[in-house]
Amino acid sequence: MRMTFPSAVLPDETAFPVLKAALAAGVNPEDADKVVVCIKSGVVDMKTLLIDGSPETVRRLVADANRVLAGRKKIYVFGVAGVDPKVPGEETVRALGELVAAGEIGGIQLSEVGAATIRRAAAVAKIDMVGEEESLWATEIFGNGVAETCAELGIPVVAHTPLGVRMLTGKIKTLDDLPPGHHLRVFPRFQPENFQKILDLVAELEKLAKAKGVSPSQLALSWVKLKSKKPGILLIIPVAGARSGERVKENAETVNLSEEELGAIAAILESFPVYGTRYPAPGMKLVEF
């Protein structure tokens, strides 16, 4: 997504080497001929954050995507990128189930939903993936039943934003590191009263990463990956953005974290809580937590 963001589209000569580096680093266990295409869609107006999960729109968007792919690739999973408050989720999932049966898509994904919604959706059709924000600054799925529900139903979780929109990389030190007009400047966590508290959290995590001889990014991503090894958790796959081959290689390297180190991280998270919602008020209407 970061490669095609409207305000910062990467040229092909930059983007394709990054994708190839991901394959070389083993981010996808298959070879280049078996890259999977997963699509989150349904956003019909970015300015007003309008999401349309109606069966008619879902069918049209799948048809549009398949027309672009022109038979070169099949859509592995497809889903709406958030929650449409005007359309019951069961209606959206029922339409997606029909598209699976018709061979138009391979499976169904949900995004930004709570445990109750996952259960209702799974009663309508097989759910193949749930996308949630999950990182060292977004740990909600481990306390609200989402992780346990997905494990019970055999649904992998794809953890988006596992580096906290770059905050957990340690690369953002002041608000001036965000260009004027950057969309994050309106996010609650990037308001002055909250931003310094997040910097304090990151500083503590950086100390731990330095003592271990790894980058803050590797520490943060490895923490997410290791959650899959905990009892009652099925599979959590972090998807970290990268705009260079070097960053892909760094992010792909998993480091082991001892119980003592995991305990230290837990203590840091408890001592330095994150303040502010994940999105501005309009965006929070499209997510269930």
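Structure: above.
Residues numbered from 1 in each chain as written. Predicted model: local features only at pLDDT ≥ 70, side-chain atom pairs only at ≥ 80, totals over all residues. Heavy atoms only, no water.

### A word on the packing of helix α4 (residues 115–124) against helix α5 (residues 146–153)
So, point 1. As a packed pair, α4 and α5 sit with axes 8 Å apart at the nearest point and diverge in direction by 20°. In this view, α4 runs roughly parallel relative to α5, as classed from their interaxial angle. Crossing angle aside, the handedness with which α4 passes α5 is right-handed. Between α4 and α5, the residues in contact are Ala115, Ile118, Arg119 and Ala122 and Val146, Thr149, Cys150, Glu152 and Leu153, respectively.
So, point 2. Looking at side-chain class alone, the contact of α4 with α5 contains 6 nonpolar, 1 polar and 2 charged residues. (Axes fitted to C-alpha atoms, helices over the stretch in contact; angles between N-to-C directions. Helix = DSSP H or I, 4+ residues; strand = E, 2+ residues; numbered from the N terminus. Parallel < 35°, antiparallel > 145°, perpendicular 65-115°, else oblique. Left-handed = near helix turned anticlockwise from the far one by under 90°. Contact = heavy atoms within 4.5 Å. Nonpolar A, V, L, I, M, F, W, Y, C, P; charged D, E, K, R; others polar.)

### Some remarks on the environment of Phe5
So, point 1. Relative to the elements of secondary structure, Phe5 occurs in the segment before α1 (12–24).
So, point 2. Phe5 gets classed as partly exposed once you look at its relative accessible area, which sits at 22%.
So, point 3. Along the backbone, Phe5 and Ile39 are 34 residues apart, and their C-alpha atoms lie at a distance of 15 Å. (Buried < 20%, exposed > 50% of the residue type's maximum accessible area, 1.4 Å probe, protein only.)

### Some words on the nonpolar core
So, point 1. Phe78, Met167 and Phe190 are the most contacted members of the largest nonpolar core, which totals 68 residues.
So, point 2. Looking at which element gives the most residues to this core, the answer is helix α6 (residues 192–212), with 8 residues.
So, point 3. In contact with Phe190, other than residues within four places in its own chain, are Trp137, Val165, Met167, Leu175, Leu178, Leu184 and Phe195.
So, point 4. Judged by nonpolar contacts, the second largest core, of 8 residues, contains Leu10, Ala15, Ala22 and Val248. (Core = buried A, V, L, I, M, F, W, Y, C linked by side-chain atoms within 4.5 Å.)

### Describing unusual backbone geometry
So, point 1. For Glu112, which is not glycine, the phi dihedral falls at a positive 60°.
So, point 2. Among the structural elements, Glu112 can be located in the loop between β5 (109–111) and α4.
So, point 3. Phi is positive for Val165, which is not a glycine, with a value near 45°.
So, point 4. For Val165, the location among the structural elements is in the loop between β7 (157–160) and α6.
So, point 5. In this structure Val165 comes out as buried when scored by relative accessible area, which is 19%.

### Comments concerning the side chain of His160
So, point 1. Checked against the element boundaries, His160 lands in strand β7.
So, point 2. Looking at His160, its side chain comes within polar contact range of the side chain of Glu112, at 2.8 Å.
So, point 3. Aside from chain neighbours lying at most four places away, what touches His160 is Lys40, Glu112, Gly131, Glu132, Glu133, Glu134, Val239, Arg278 and Tyr279. (Polar contact = N/O pair within 3.5 Å; in protein donor to acceptor, adjacent residues only side chain to side chain.)

### Description of the environment of Val113
So, point 1. Tracing the sequence through the fold places Val113 in the loop between β5 and α4.
So, point 2. With 173 residues separating them along the chain, Val113 and Leu286 place their C-alpha atoms 9.2 Å apart.
So, point 3. If near-sequence neighbours (up to four positions away) are discounted, Val113 is found in contact with Val83, Ile118, Val130, Glu132, Val146, Glu288 and Phe289.

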